[in-house]
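Here is how the chains run, residue by residue.
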Amino acid sequence: GESVGLHLPTLSVQEGDNSIINCAYSNSASDYFIWYKQESGKGPQFIIDIRSNMDKRQGQRVTVLLNKTVKHLSLQIAATQPGDSAVYFCAENTLNAGNMLTFGGGTRLMVKP
Amino acid sequence: KAGVTQTPRYLIKTRGQQVTLSCSPISGHRSVSWYQQTPGQGLQFLFEYFSETQRNKGNFPGRFSGRQFSNSRSEMNVSTLELGDSALYLCASRPGGGSSYEQYFGPGTRLTVT
């Protein structure tokens, strides 16, 4: 499959453990944030999003936390499974400035069985 | 509902040639955005089209252009290809009009310039 990054930071976790992937964003005016998952040979897949008027949002097995004070975003995956192995990207957007997502560099998650 | 489709999936071109890539958004989606993904630069925004109009443009040279048709399908064109244009080109669609901000990506077109 395609290489999405030659020197990505890697997080290695044991199957069943919880995973936390972190992201620092750059624009204090950003008001919309998204996490994407990209598997080899595929396009990014939407996981969860959060608006800047929220600190936390939960989905199925995933939670996104937003700390606007330090411009930090995290993705928590509960009970990590082998199928969660992929590269994870955070993206930010300023909604009234158009639909241009600015992506972080990505983190490779490896789940050990 | 079918997802975003992109054609072709793989393409090999020679320096100096031009290339056209195609994207069909999810049915009912009116906004189409294009991104370039490379190992060195990551994912970078190229441009966005909504109702046949370019709404935003990223920091890419004029060799990169695009258009959108009345059925929301979009094409992007790269002229005078350079080796550095080798990348995965991704298309994303969303409903547009402020109703939803989720963008859905296609599988991409892998362009190799030799």
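Residues numbered from 1 in each chain as written. Chains lettered and ligands numbered in written order. Predicted model: local features only at pLDDT ≥ 70, side-chain atom pairs only at ≥ 80, totals over all residues. Heavy atoms only, no water.

Caption draft 1: Fine view of the overall build of chain B. Regarding its fold elements, chain B presents zero helices and eleven strands. Ordered by position from the N terminus, the helices and strands of chain B form the series β-β-β-β-β-β-β-β-β-β-β. Taking 114 residues into account, the globule formula puts the C-alpha radius of gyration at 13 Å, and chain B, at 13 Å, falls close to it. For chain B, the C-alpha atoms occupy an extent of roughly 40 × 25 × 25 Å along the three principal directions. Relative to its full complement of 114 residues, chain B shows a buried share of 50%. (Helix = DSSP H or I, 4+ residues; strand = E, 2+ residues; numbered from the N terminus. Rg over C-alpha atoms; globule rule 2.2 N^0.38 Å. Buried < 20%, exposed > 50% of the residue type's maximum accessible area, 1.4 Å probe, protein only.)

Caption draft 2: Spotlight on the sheet that holds strand E2 (residues 19-24) of chain A. Residue and element names in this part refer to chain A. Strand order across the open sheet formed by four strands is E2-E7-E6-E5, with antiparallel pairing between neighbours. The open sheet has two edge strands with one neighbour each: E2 and strand E5 (56-58). Each adjacent strand pair in this sheet contributes to an overall mean axis angle of 15 degrees, direction not counted. In this structure, E2 lies alongside strand E7 (residues 72-77), joined through six bridges in antiparallel fashion. Directly across from Ala 24, in E7, lies its bridge partner His 72. (Pairing = 2+ DSSP bridges. Axes fitted to C-alpha atoms, helices over the stretch in contact; angles between N-to-C directions.)

Caption draft 3: The state of the cysteines, seen in detail. Under the definition given, this model contains two disulfides over all chains. At a sulfur-sulfur separation of 1.6 Å, the disulfide partner of Cys 23 of chain A is Cys 90 of chain A. Taken together, the positions of Cys 23 of chain A in strand E2 and Cys 90 of chain A in strand E8 (residues 86-93) put the pair 67 residues apart, joining distant regions of the chain. In this model Cys 23 of chain B forms its disulfide with Cys 91 of chain B; the gap between the sulfur atoms is 1.7 Å. (Disulfide = S-S within 2.5 Å.)

Caption draft 4: Geometry of the pairing of strand E3 (residues 19-24) of chain B. Residues and elements named next belong to chain B. Bridge analysis of strand E1 (residues 5-7) against E3 gives three bridges, and the strand direction is antiparallel. Across the sheet, residue Gln 6 finds its bridge partner in E3, namely Cys 23. Pairing analysis gives five bridges linking E3 to strand E8 (residues 74-78), with the strands arranged antiparallel. Note that in E8 the partner of Ser 22 across the bridge is Glu 75.

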